[in-house]
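# Descriptive analysis of the structure
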Amino acid sequence: MSSFSVTEPSKRSKWFAGTLVILYALITMIPLAWIMLTGFKSPADAISYPPKVIFEPTLEGYVNLFTQRTRQTEDFLANNPPENWRDEIVRQYDMVIVGPSKFGERFLNSVIIGFGSTFLSIFLGTLAAYAFSRFKIPLADDLLFFILSTRMMPPIAVAIPIFLMYRQLGLSDTHLGMILLYTAVNISLAVWLLKGFIDEIPREYEEAALIDGYTRFQAFYKVVLPQAATGIASTAIFCLIFAWNEYAFAVLLTSGTAQTAPPFIPTIIGVGGLDWPAVAAGATIFLLPVMIFTILLRKNLLRGITFGAVRK
Amino acid sequence: MSDTPANRIAAATPPRVARKIRGLSDRAIAWIFVAPTIFLLLAINIFPLIWTIQLSFTNYKANRIGREVKNVGLRNYERILTDSDIWLNMQATAHFLFWTIVLQVLIGFALAYLINKKFKGNDLWTTIIVLPMMLSPAVVGNFWKFLYQPQIGLFNYVVAFFTGKDPSSFEMLGSVTLAPWSIVIVDTWMWTPFVMLICLAGLRSIPDYIYEAAEVDRASKWRQFWTITVPMVLPFLMLAVLFRGIENFKMFDLVVQLTGGGPGSTTELTSINLKREAFEKWRTGYASAYAIILFVTVFGLASIYVKALNKVKER
């Protein structure tokens, strides 16, 4: 673009636009920054008025998040000196650590269910997308629309029969049940996005491979898959983020062994009401991976959002 | 025959198996590829939907196994459509939908317009703006509840700082008049970036030569904005509205964590009400009818809207 181009904004308007956007970005970050700060506050600092920006950082929130504690008598405390820095933190409140909390397990469940359902959605979705893209399937458009319209159902509406069905099949509160459910929700978007990416790969590549004596399967995984890798990766990120963030199904269908982190974090209770620093610590640990992910993979991710939406 | 990997594999496999693999017609492969997806959707989407329809004509209660289930015909539907409380929930949902869409469209479009000025570092700032929409709505709702606390919350402090009011004089989540706005604020904070991204795609799809031609014709910037930019972005904007509309009609996680539907039922959106009926009062049959009504409503509204959208696109 030449410097005389009429469509290139002037320096002044660029400066003005930049200032406003940066201002918005900074304001929008305040709630997130605040919750991360709160994770490092003591309970007293977290609820002080006026809100404290400068405070003495402590890991209390994180210790409370990962441990279970009980109050002890003075005798007991005097006879059992603290063994490490974590003990010392809870000793301020005459407490001792009795074991790990459930947060670790819940976090692990989120990881297992998130990655499991993403893998399955991508595996099945790529196959279906390839078939929709390359072969004549009777009623293909109707099928695709049907696949997509399943996303319009409110999750609670779907949850009623799923709840009954899972109760019958013994899938309630199991990893497998949640993985299948999230796969079913994600696969519609996955097929739709992946079909778009595969449509963009010229057919000539495969046809050349077929003439060279490749079978369809070989042409699919040796020619098409490598070409679609970027598209598959960005679709996978979407599936993963959905499964990671999902709450409605998780809260209705899981309560123990397969419960993920989102229904668990709001229930972290300390002495006398919600333990805000611990809740904030949990939120931080849970949200940070997604934020880092978003920043690192911004090119694919942002293109994927608009691409997916605009194609529909 | 050339020495391709395929032929080597073909030569190494027993003829019968080879024929089976190679002999698969494209048609067969197409069905093998599509079948698992269709099966999964049938099992986890369609079968439950049919079951819901069937349940909606009964008085089944999921917490009483073994109780006799009676067919009640259309009585569930009748009761829902004549229940004034449910119309209140619908109103709360409409308020939420209307204002989130208005605010998100205005702010989202403005931001996209500014970002499209291509100032230095715009993609990094875009990413930062996008962060809220990537997060878990339930966790977001939970920490905004902390920000909204009357005595200690940051939100009240900031409002008090700028208006001079006493920060404990108003409760965003506890007041009947403010609570509906508190959920609008959080949803707008979270989802404006989505509208912004779609608008940005629209703005970037306008070719430069149109503006250049307008410049040659000496059209003012103001006129260019209204006759080129707005009409060209409109289809994208309408799409963004469609998605936000469907998503917010289904809204559950964020609001349930923020207000739980309260105070009273001022922020009890239809999904939250549905959850109460289905999983707290355990009126499964009634809730199923409710779910069907909601689904038909979304589907109907969305179809009408898509027709309008296609008309705009044709222009």
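Residues numbered from 1 in each chain as written. Chains lettered and ligands numbered in written order. Predicted model: local features only at pLDDT ≥ 70, side-chain atom pairs only at ≥ 80, totals over all residues.

## Topic: the overall build of chain A
Let me state the cut-off plainly: Helix and strand definitions follow DSSP, with helices as H or I runs of at least four residues and strands as E runs of at least two, each counted in order from the N terminus. Residue pairs qualify as contacts under a 7 Å threshold applied to their C-beta atoms, which are placed from the backbone.
For chain A, the count of helices and strands is 16 helices and 2 strands. Once local pairs closer than 6 in sequence are excluded, the contacts in chain A between residues at least 24 apart make up 75%.

## Quick word on the overall build of chain B
Test applied: It is over C-alpha atoms that the radius of gyration is taken, and the globule rule equals 2.2 Å times the number of residues to the power 0.38. In this scheme the burial state of a residue depends on its C-beta neighbours within 10 Å: 20 or more other such atoms mean buried, 12 or fewer mean exposed, and anything in between means partly exposed; the C-beta positions come from the backbone.
Within chain B one finds 14 helices and 0 strands. Counted from the first residue to the last, chain B has its helices and strands arranged as α-α-α-α-α-α-α-α-α-α-α-α-α-α. Taking 315 residues into account, the globule formula puts the C-alpha radius of gyration at 20 Å, and chain B, at 27 Å, lies well above it. Principal-axis analysis of the C-alpha atoms gives chain B an extent of 85 × 80 × 40 Å. When burial is assessed residue by residue, chain B has 38% of its 315 residues classed as buried. Put simply, 70% of the contacts in chain B that link residues at least 6 apart link residues at least 24 apart.

## Regarding the environment of A:Ile156
Among the secondary structure elements, A:Ile156 is positioned in helix H8 (residues 155–169). Setting aside residues no more than four positions away along its own chain, A:Ile156 makes contact with A:Ala248, B:Phe252, B:Ser271, B:Leu274, B:Lys275 and B:Ala278.

## Here we look at the interface of chain B and chain A
Note the following rule: Under this grouping Gly is polar, as are all residues other than the nonpolar Ala, Val, Leu, Ile, Met, Phe, Trp, Tyr, Cys and Pro and the charged Asp, Glu, Lys and Arg.
If you look at the interface, chain B gives 81 residues, while chain A gives 82 residues. When residues of the side of chain B that touches chain A are assigned to their parent elements, the largest contribution, 14 residues, is made by helix H3 (residues 26–55) of chain B. Its residues assigned to classes, the side of chain B that touches chain A comprises 56 nonpolar, 14 polar and 11 charged.

## Regarding the environment of A:Arg151
Residues and elements named next belong to chain A. Its location among the elements puts Arg151 in the loop between helix H7 (140–149) and H8. In this structure, the C-alpha to C-alpha distance between Arg151 and Val185, residues 34 residues apart in sequence, is 6.9 Å. Excluding residues that lie within four positions of it along the chain, Arg151 makes contacts with Ser188 and Leu189.

## Focus on the domain arrangement of chain B
Test applied: Where a domain begins and ends is set by an automatic assignment or by a domain database.
Looking at chain B, the domain boundaries give domain 1 (5–55) and domain 2 (75–314). Between domain 1 of chain B and domain 2 of chain B, the C-alpha centre-to-centre distance is 40 Å.

## A short note on the confidence of the model for chain B
Note that predicted coordinates carrying low pLDDT should not be read in detail. Spelled out, the test is: pLDDT measures the predictor's confidence residue by residue and takes values from 0 up to 100.
The predicted model of chain B averages 86 in pLDDT, with 92% of residues at 70 or higher. Reported for the predicted complex are a pTM of 0.87 and an ipTM of 0.86.

## Brief notes about unusual backbone geometry
All names here are of chain B. Unusually for a residue other than glycine, Lys118 sits at a positive phi of about 55°. Inspection of the secondary structure puts Lys118 in the loop between helix H5 (84–115) and helix H6 (122–130). The phi dihedral of Trp282 falls on the positive side, at around 55°, and the residue is not glycine. Looking at the element boundaries, Trp282 is found in the loop between helix H13 (270–279) and helix H14 (284–314). For Trp282, a count of 14 C-beta atoms within 10 Å gives the class partly exposed.

## Notes on the environment of B:Asn273
Residue and element names in this part refer to chain B. Positionally, Asn273 belongs in helix H13. In the structure, Asn273 is positioned 169 residues away from Gln104 in sequence and 25 Å away in space, judged by C-alpha atoms. Beyond its immediate stretch of four places on either side in the chain, Asn273 contacts Ile86, Asn89 and Glu268.

## Section: helix H7 (residues 137–147) of chain B
Taking burial as the measure, the 11 residues of H7(B) include 11 buried ones, the bulk of the element. Buried residues of H7(B): B:Pro137, B:Ala138, B:Val139, B:Val140, B:Gly141, B:Asn142, B:Phe143, B:Trp144, B:Lys145, B:Phe146 and B:Leu147, and no others.

## Side note on the packing of helix H15 (residues 276–296) of chain A against H7(B)
Filter applied, for reference: Lines fitted to the C-alpha atoms define the axes, with helices restricted to the stretch that makes contact. Angles between their N-to-C directions range from 0 to 180 degrees. Each crossing gets its handedness from the near helix: less than a right angle anticlockwise from the far helix is left-handed, clockwise is right-handed.
Here H15(A) crosses H7(B) at 145°, and the two axes come no closer than 11 Å. Read as a crossing pair, H15(A) and H7(B) show a hand that is left-handed. Touching A:Trp276, A:Val279, A:Ala280, A:Ala283, A:Phe286 and A:Leu287 of H15(A) are B:Val139, B:Asn142, B:Phe143 and B:Phe146, all from H7(B). For the contact of H15(A) with H7(B), the class distribution of residues is 9 nonpolar, 1 polar and no charged.

## Some words on helix H9 (residues 179–204) of chain B
Residue and element names in this part refer to chain B. Applicable threshold: Multiplying 1.5 Å by the helix residue count minus one yields the expected span of that helix. Two axes enter the definition of the bend at a residue: one is fitted to the seven residues ending there, the other to the seven starting there, and the bend is the angle between them.
Taking 1.5 Å per residue as the helical rise, H9 with its 26 residues ought to reach 38 Å, and the 38 Å between its terminal C-alpha atoms agrees with that figure. At Trp191, H9 is deflected by roughly 40°, the largest bend along its length, and proline Pro193 occurs up to four residues later in sequence. Buried residues dominate H9, accounting for 21 of its 26 residues.

## Focus: the packing of H8(A) against H3(B)
Let me state the cut-off plainly: When describing relative orientation, an angle under 35 degrees is termed roughly parallel and one over 145 degrees roughly antiparallel, while 65 to 115 degrees is termed roughly perpendicular and anything else oblique.
In contact at an axis separation of 9 Å, H8(A) and H3(B) are set at 95° when each is read in the N-to-C sense. The angle between H8(A) and H3(B) falls in the class roughly perpendicular. Contacts between H8(A) and H3(B) involve A:Ala157, A:Val158, A:Ile160, A:Pro161, A:Ile162 and A:Met165 on the former and, on the latter, B:Ile44, B:Pro48, B:Trp51 and B:Thr52. Residue composition of the contact of H8(A) with H3(B), by class: 9 nonpolar, 1 polar and no charged.

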